[in-house]
Amino acid sequence: MSSNDNKPPFLVFAAPDIQEPEIAEVEACLRSGWLGTGPRVARFEADFAAYKNVGANLVAGVNSCTAAMHVSMVAANLEPGSEVITTPLTFCATVNSILHADLVPVLADVDASSQNIDPDAIEAAITPRTRAILPVHFAGRPCDMDRIMAIARKHDLMVIEDCAHAIETEYRGRKAGTFGDFGCFSFYVTKNVVTGEGGMIVGRDASLIARARMLALHGMSKDAWHRFSDKGYKHYQVVECGFKYNMMDLQAAIGLHQLARVENNWLRRRELWEMYEQALADLPIGLPAIAEADTRHAHHLYTVMVDPALCGVDRDSFLDRMNAQGVGTGVHYQSVAEHPYYRERLGWDPDRWPNARKIGQQTVSLPISSKLSDSDLERVTKAAAHSLAG
Ligand SMILES: *Cc1c(COP(=O)(O)O)cnc(C)c1O
């Protein structure tokens, strides 16, 4: 035996919380012989609609949040070259989906404290070509939807909410994803509800959702998945050039049981969040701003700021030290304006969005999976203290 055997196992960042009910459901799905889009997707959509308090005709399951955002913007029929205002503090998929829809992403900086898109910056970024706003509820903290919706009404803009972090998020008693024309959710392995890969669109207008659903399945006329069922063969018609974005029953089999536990998992993450607040209070790192009144934070990410002037260590060395102590961390996010593709194609200079740039240089996400035990969390906070001490 090597001395390494005494070390506790590496603590994986954002480990999915998979349990027996979804394992059994996946097996049942396999044994049923129906793996593709079918009855389990329909059930998962109905359950998600119920969770969001919207009609079942206002949701559409797809195979990722990226697909959800892309197909929503295509369904919205915005003329090519229109500008869509979004945040620089997001995953590249947000910006890619805008480009895939033949639209032009325009960045508006985040608020330094909430780390969400700043409504004043949105207003300053509006041009005669602006057609939509794509806010991201960062880390699960709701954006200022009163102001964003007021700006959208004033300038006649569509709103597409990136809710990849925000399944449980609420703003003034209303659920994230139900403010805009479209709300787009992710069930990727690190998210709060997991299907492996998967996504959901929530909408306000049944005809737009129907179009998004059709576009997500090759542009085939409705209910094409019924064509191989026992109701007899049905001809389908292609009415648009769509995409291959449909969700499978195999994915929904996982999601059904994940969604059933979404509130329990949220309660556990809230507990972990409060434990972090206490355990880290005396360290020189910056902690997340407290949740605004009359909102519900999804507690998807617990992000701290490592300012080298206060901590005596830079962020990347802090990440290395955490890793050396067996603790996985994440970075959400380097400003999207840093990436070479966007700099070249769109001429972005990250200094134009200084709050996002600074956050991107200092932020660290600590593990906050509902799978984390109290002693796991203690390992993380001890490792953090040790990483700062040098
Ligand atoms: C994960 C994520 C996405 C992409 O979700 P997928 O389901 O992987 O396509 C988009 N936006 C944000 C903010 C995310 O965190």
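Shown above is the structure to which this text applies.
Remember, it's a predicted structure, so these values are computed and weren't measured experimentally.

*Asks:* Can you help me understand the nonpolar core in this one?
*Replies:* A general trend in soluble globular proteins is that nonpolar side chains are found buried together. Ranked by internal contacts, the top residues of the largest apolar core, which has 29 residues, are Met-73, Phe-182 and Ile-201. When contributions to this core are tallied by element, the ones reaching two or more residues are strand E1 (59-62), helix H3 (65-75), strand E4 (130-134), strand E5 (158-162), strand E8 (182-186) and helix H7 (206-215). The element best represented in this core is H3, accounting for seven residues. Met-73 has contacts with Leu-78, Val-84, Ser-97, Ile-98, Ala-101, Leu-103, Leu-134 and Ile-160, leaving out every residue within four places of it along the chain. In this structure, Leu-11, Leu-280, Tyr-302 and Leu-388 belong to the second largest nonpolar core, which totals 24 residues.

*Asks:* Explain helix H11 (residues 315-324) to me, please; I cannot follow it from the model alone.
*Replies:* Each turn of an α-helix holds 3.6 residues, which means side chains three or four residues apart point in the same direction. Among the residues of H11, those classed as buried are Arg-315, Phe-318, Leu-319 and Met-322. Burial along H11 is one-sided: seen end-on, the buried residues are contained in an arc of 100°. Every exposed residue of H11 that faces more than 90 degrees away from the buried side is listed here: Asp-320 and Ala-324. Looking at the buried positions of H11, the neighbouring elements they touch are helix H13 (354-362), strand E12 (363-366) and helix H14 (374-389). Here H11 starts with a cap whose side-chain oxygen sits 3.3 Å from the backbone nitrogen of Asp-316, and that cap is Asp-314. Just downstream of H11 lies Gly-326, where phi reads positive at about 85°.

*Asks:* What should I look at first to understand the pairing of E1 in this one?
*Replies:* Side-chain positions along a regular strand alternate between the two faces of the sheet. Of the two faces of E1, the one holding Val-59 and Gly-61 and the one holding Ala-60 and Val-62 are both buried throughout. Pairing of E1 with strand E9 (residues 199-203), which is carried by four bridges, proceeds in the antiparallel orientation. Bridge pairing in E9 places Val-59 opposite Val-202.

*Asks:* What am I meant to see in the side chain of His-300 here?
*Replies:* Within the element layout of this structure, His-300 appears in the loop between strand E10 (295-296) and strand E11 (302-305). A distance of 2.7 Å separates a polar atom in the side chain of His-300 from a polar atom in the side chain of Asn-192. Residues within four places of His-300 in sequence aside, it is in contact with Ala-139, Gly-140, His-165, Thr-190, Lys-191, Asn-192, Arg-269 and Ile-368.

*Asks:* What am I meant to see in the site of the ligand here?
*Replies:* Taken together, 17 residues lie near the ligand, and Thr-66, Asp-162, His-165, Ser-186 and Lys-191 sit nearest. Between the ligand and Asp-162, the relevant distance is 2.8 Å, taken from a nitrogen atom to a side-chain nitrogen or oxygen of the residue. Within the contact set of the ligand, an oxygen atom lies 2.8 Å away from a side-chain nitrogen or oxygen of His-165. Starting from 390 Å² of accessible surface for the ligand in isolation, the protein chains cover 93%. The site holding the ligand turns out to be the second largest pocket.

*Asks:* I tried to follow the state of the cysteines on my own but got confused; where do I start?
*Replies:* Put plainly, two cysteines are in a disulfide when a covalent bond ties their sulfur atoms together. Counted under the stated rule, the structure contains zero disulfides. Between Cys-65, a free cysteine, and Cys-184, which holds the nearest cysteine sulfur, the sulfur-to-sulfur gap is 5.6 Å.

*Asks:* Sorry if this is basic, but what is going on with the sheet that holds E5 here?
*Replies:* Note on sheets: strands pair through backbone hydrogen bonds, and any given pair is parallel or antiparallel. Read across the open sheet, the seven strands follow the order E1-E9-E8-E5-E4-E2-E3; overall the sheet is mixed. A strand with exactly one partner marks an edge of an open sheet, and here the two such strands are E1 and strand E3 (104-107). The average undirected angle you get between the axes of adjacent strands in this sheet is 25°. Across four bridges, the pairing between strand E2 (residues 83-86) and E3 is parallel. When the sheet's bridge partners are listed, Glu-83 is paired in E3 with Val-104. Against the sheet, H3 makes contact with E1, E2, E4, E5, E8 and E9, and its axis sits at roughly 160° relative to E8, the strand it touches most. Contacts from helix H6 (residues 145-155) reach E4 and E5 within the one sheet, and its direction differs from that of E5 by about 150°.

*Asks:* I'm lost on the environment of Asp-109 in this one. Help?
*Replies:* In this structure, Asp-109 sits in the loop between E3 and helix H5 (119-125). Separated by 44 residues in the primary sequence, Asp-109 and Arg-153 place their C-alpha atoms 21 Å from one another. Among the polar contacts listed, one links the side chain of Asp-109 to the backbone nitrogen of Asn-355, at a separation of 2.8 Å. Engagement of the side chain of Asp-109 in a polar contact is seen with the backbone nitrogen of Ala-356, the distance being 3.0 Å.

*Asks:* Explain the pattern of salt bridges to me, please; I cannot follow it from the model alone.
*Replies:* Two side chains that carry opposite charge are able to pair once their charged atoms sit near each other. Taken as a whole and judged by the stated rule, the model has 23 salt bridges. Linking Arg-129 and Glu-83 is a salt bridge whose minimum nitrogen-to-oxygen distance equals 3.0 Å. Pair noted here: Arg-129 is in the loop between H5 and E4 and Glu-83 is in strand E2, with a separation of 46 residues, a long-range link. Overall, Arg-129 belongs to the partly exposed group, its relative accessible area being 46%. Here Asp-120 ties to Arg-147 by a salt bridge, and the two come within 3.0 Å at their closest N and O atoms. Of this pair, Asp-120 sits in helix H5 while Arg-147 sits in helix H6, placing them 27 residues apart in sequence. The partly exposed category is assigned to Asp-120, whose relative accessible area is 45%. Using a relative accessible area of 30% as the deciding quantity, one classes Arg-147 as partly exposed. Connected through salt bridges with shared partners, the residues Asp-120, Glu-123, Arg-147 and Lys-154 form a single ionic network.

*Asks:* Would you mind going over the layout of surface pockets with me for this structure?
*Replies:* Left-over empty space is what a probe sized like a water molecule reveals as it rolls over the atoms. Quantified by volume, the second largest pocket comes out at close to 380 Å³. Around the second largest pocket, the lining comprises 23 residues; the ones closest to its centre are Phe-91, Ser-186, Tyr-188, Lys-191 and Tyr-333. Of the residues forming the lining of the second largest pocket, the biggest block, three residues, is contributed by H3. Viewed by domain, the lining of the second largest pocket spans two of them, domain 1 (20-260) and domain 2 (262-389), each represented by three or more residues.

Calculation criteria
- Residues numbered from 1 in each chain as written.
- Predicted model: local features only at pLDDT ≥ 70, side-chain atom pairs only at ≥ 80, totals over all residues.
- Heavy atoms only, no water.
- Core = buried A, V, L, I, M, F, W, Y, C linked by side-chain atoms within 4.5 Å.
- Buried < 20%, exposed > 50% of the residue type's maximum accessible area, 1.4 Å probe, protein only.
- Helix = DSSP H or I, 4+ residues; strand = E, 2+ residues; numbered from the N terminus.
- Contact = heavy atoms within 4.5 Å.
- Arc of directions from axis to C-beta.
- Polar contact = N/O pair within 3.5 Å; in protein donor to acceptor, adjacent residues only side chain to side chain.
- Pairing = 2+ DSSP bridges.
- Near = heavy atom within 4 Å.
- Areas by Shrake-Rupley, 256 points an atom, 1.4 Å probe, with all protein chains shown as cover.
- 1 Å grid on protein atoms, 1.4 Å probe; cavity = no way out; pocket = protein on both sides within 12 Å on 5 of 7 lines; lining within 4 Å.
- Sits in = over half its atoms within 2 Å of the grid points.
- Disulfide = S-S within 2.5 Å.
- Axes fitted to C-alpha atoms, helices over the stretch in contact; angles between N-to-C directions.
- Salt bridge = Lys/Arg side-chain N within 4 Å of Asp/Glu carboxyl O.
- Points joined across faces, edges and corners; volume = space filled by probe spheres on them.
- Domains from an automatic or database assignment.

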